[in-house]
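In case you want the letters, here they are:
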Amino acid sequence: MASLDIEHIGKRFGQVEVLKDIHIGIGHGDFLVLVGPSGCGKSTLLNIIAGLDTASSGAIRIDGKVVNDLEPKERDIAMVFQSYALYPSMTVAENIGFSLEMAGMPKEERKKKIAAVADLLKIGHLLDRRPSQLSGGQRQRVAMGRALVREPKIFLFDEPLSNLDAKLRVEMRTEIKKLHARLGATIVYVTHDQIEAMTMATRIAVMKDGILQQFGTPADIYDRPANTFVATFMGSPAMNLLDAEIVTHGGRPALRLDGVDGDAAILPIPATAGAVTLQPGQKVALGLRPEWITEPGTSRSREVHSLPFTVDVLEPTGPDIFLALRLGAVEVMGRLPADAQVQAGETRILDIDYTKAVLFDRQSGQALYARPQPAQAAA
Amino acid sequence: MSVAAETVILRRSGSGVNLARFAVYALLIVAAAVFLAPLVSMVFTSLKSMDEIRAGNLLSPPGAVTLEAWATAWNSACISVSCAGLKGYFLNSIRMVVPAVLLSVGLGALNGYVLTKWRFRGDNLLFGAMMFGCFIPFQIVLIPMAFTLGKIGLAGTTAGLVLVHVVYGVCFTTLFFRNFYVAVPDELVKAARMDGAGFWQIFTRVLLPISWPIIVVSVIWQFTGIWNDFLFGASFAGGESQPITVALNNLVNTSTGVKLYNVDMAAAMITAAPTILIYLFLGRFFLRGLMAGAVKG
């Protein structure tokens, strides 16, 4: 268990800047997920934390101590790799015990530790096998065992579940979460899968093009995205962004949705953006999550607005129906419970839950919040 | 379609398959016979007496098998002025080939490891330069090599020959190991670094144990090449340290009186034996090693 501070980390390869001033801090027992599309620099950042790569600028602190110049083994960190990276020539037991052997631990003591970890991960019966004789899920467990046996200060996971099939992935996700709860360990976890990020993290750092887009709790990230990238990257289906313009309506500022005719186009300014200084004529985007669109009368929200939607396509997923909707000429994705009474082709009134609706400046892509974002880097 | 009709069709296609298979086997047998004929002729001739050689034809089996020619070739055949057979030269070759193979394969493995897992600025350029060595004909370097060996005091010695073969062999073994290790995931090395292993521990504990297919390929390649080499042996080895290939040439070309074909053949067989044996023992690993990179296990 340890705290980890990533302080103004930058990394360049020649002219290419792959990480720009990344500043994140997490405390004891935090589960930090670095998430972003491929090429966003998240794995590079993880390698820098591990000591497998060096930063061009900035510092990494573990428990307050700068570790920039320490070798990976001196940082007291363990890492689980995407390909598991099990040593093919060694048995499971030798794989798990390799780090202890390198540290010069006597054989008897090693055996005890290996047995304890194998027990924890339920792989005791596999100890004499070689990696080639294991299934994907078993390899995954061995890779975790190799990290666990060292009892490191921090665990690093580099997309550990991406090679598993969908069912196993969900199982292992739960298992890693349980393990985290049980060990209370500090974890940094890299993934491109926003669902993994949402389900596992206590803190999420969303990255794009080497720039930290937002750092916060999963609820922060989901409900109060900092910009349009975070809004559309996190959540599936993605948040709807409806282009709009600030107008004056009845003496007060309001939104007029582009591509929608008549009264339906006029909406109030969302409460989240209440006191922000908005200029009439300003181009904005209204962010609505698909699940904020509901059947009339079913929402418990304090503020709903009813709008006429045309239903283009229904996509039943089992528990939910995804709806490809049109509001005037604007395409909107909706998400209703499976028992919702909707039919393709019909035009009908649906409610939008307006309490969480987010306003974005269309030019900068930044969200416009009345209340400032919760302090980001000062966790 | 009725069952009867189906059976007829099956049988007809079956006989077609048999005919094709017969043709394939016939062709293979003929090819094998053509390739084996010289070897068979050598073995037969080496087991005959000179009288029988003069009387019979080249491919007829020996009437009375005798190992006399083999013993002569090994113990007492005259090579230039000394008549002590091949045995001394055989040992020379062993003394040359064992260290040369070990060193060139070991260095190649190390080069491949560094070039793929400890990348540095200009590594590809260096690799390209080393590959250049694969394409340099032996003859071009004879004079500079002789000059160098003389300067460092290794002219005419087995150690000098070992050095020449190691220098020449490293290009090939580096190529083999580099291409093998490039397919080994880098994460394996990263994981070992995280586990606290150093440069040599990663090499000996993690990479070498999975390298046996390419080790076998390199050993066979180097052993065959070095053992069979004639040019370097003839150019750089003094009379006492000559390898067996040079001695065989001298034995066959030593012309005093009658030409002893059976002794010549036995000597050639003795000279060729180690490479044949190593291929027999390691051959299946050789094929497997060549395939290893191509098919993901």
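Predicted model only: the values in this text are computed from it and were never measured.

1. Topic: the overall build of chain A
Now for step 1: What chain A contains, in helices and strands, is eight helices and 20 strands.
Now for step 2: Within chain A, the fraction of its 379 residues that count as buried is 51%.
Now for step 3: Taking the intrachain contacts of chain A between residues at least 6 apart in sequence as the baseline, contacts between residues at least 24 apart amount to 69%.
Now for step 4: Accessible surface, chain A as shown: approximately 16700 Å² in total, 49% of it carbon and sulfur.
Now for step 5: Taking the average location of the 42 positive side-chain charges in chain A and that of its 45 negative ones, the two points are 6 Å from each other.

2. Digging into the pattern of salt bridges
Residues and elements named next belong to chain A.
Now for step 1: Evaluated as defined, the whole model comprises 21 salt bridges over all chains.
Now for step 2: A salt bridge links Lys283 to Glu245; the shortest N-O distance between them is 3.7 Å. Taken together, the residues Lys283 in strand 14 (residues 283–288) and Glu245 in strand 11 (residues 240–249) connect sequence positions 38 residues apart.
Now for step 3: A salt bridge links Asp258 to Arg362; the nearest nitrogen and oxygen atoms lie 3.2 Å apart. With Asp258 in the loop between strand 12 (252–257) and strand 13 (266–268) and Arg362 in the segment after strand 20 (358–361), this pair connects stretches of sequence that are 104 residues apart.
Now for step 4: Using a relative accessible area of 32% as the deciding quantity, one classes Arg362 as partly exposed.
Now for step 5: Salt bridges sharing partners connect three or more residues here, namely Asp243, Asp258 and Arg362.

3. A look at the nonpolar core
Within soluble globular proteins, side chains that are nonpolar tend to cluster in buried spots.
Now for step 1: In this structure, Ile24(A) and Val188(A) are the most contacted members of the largest nonpolar core, which totals 100 residues.
Now for step 2: Counting residues per element, this core draws most heavily on helix 7 (residues 158–181) of chain B, at eleven residues.
Now for step 3: Ignoring any residue separated from it by four or fewer positions in sequence, one finds Ile24(A) in contact with Leu4(A), Asp5(A), Ile6(A), Leu32(A), Leu34(A), Ala205(A), Leu212(A) and Phe215(A).

Calculation notes
Residues numbered from 1 in each chain as written. Chains lettered and ligands numbered in written order. Predicted model: local features only at pLDDT ≥ 70, side-chain atom pairs only at ≥ 80, totals over all residues. Heavy atoms only, no water. Helix = DSSP H or I, 4+ residues; strand = E, 2+ residues; numbered from the N terminus. Buried < 20%, exposed > 50% of the residue type's maximum accessible area, 1.4 Å probe, protein only. Contact = heavy atoms within 4.5 Å. Areas by Shrake-Rupley, 256 points an atom, 1.4 Å probe, with all protein chains shown as cover. Lys, Arg positive; Asp, Glu negative; His and termini not counted. Charge placed at Lys NZ, Arg CZ, Asp CG, Glu CD. Salt bridge = Lys/Arg side-chain N within 4 Å of Asp/Glu carboxyl O. Core = buried A, V, L, I, M, F, W, Y, C linked by side-chain atoms within 4.5 Å.

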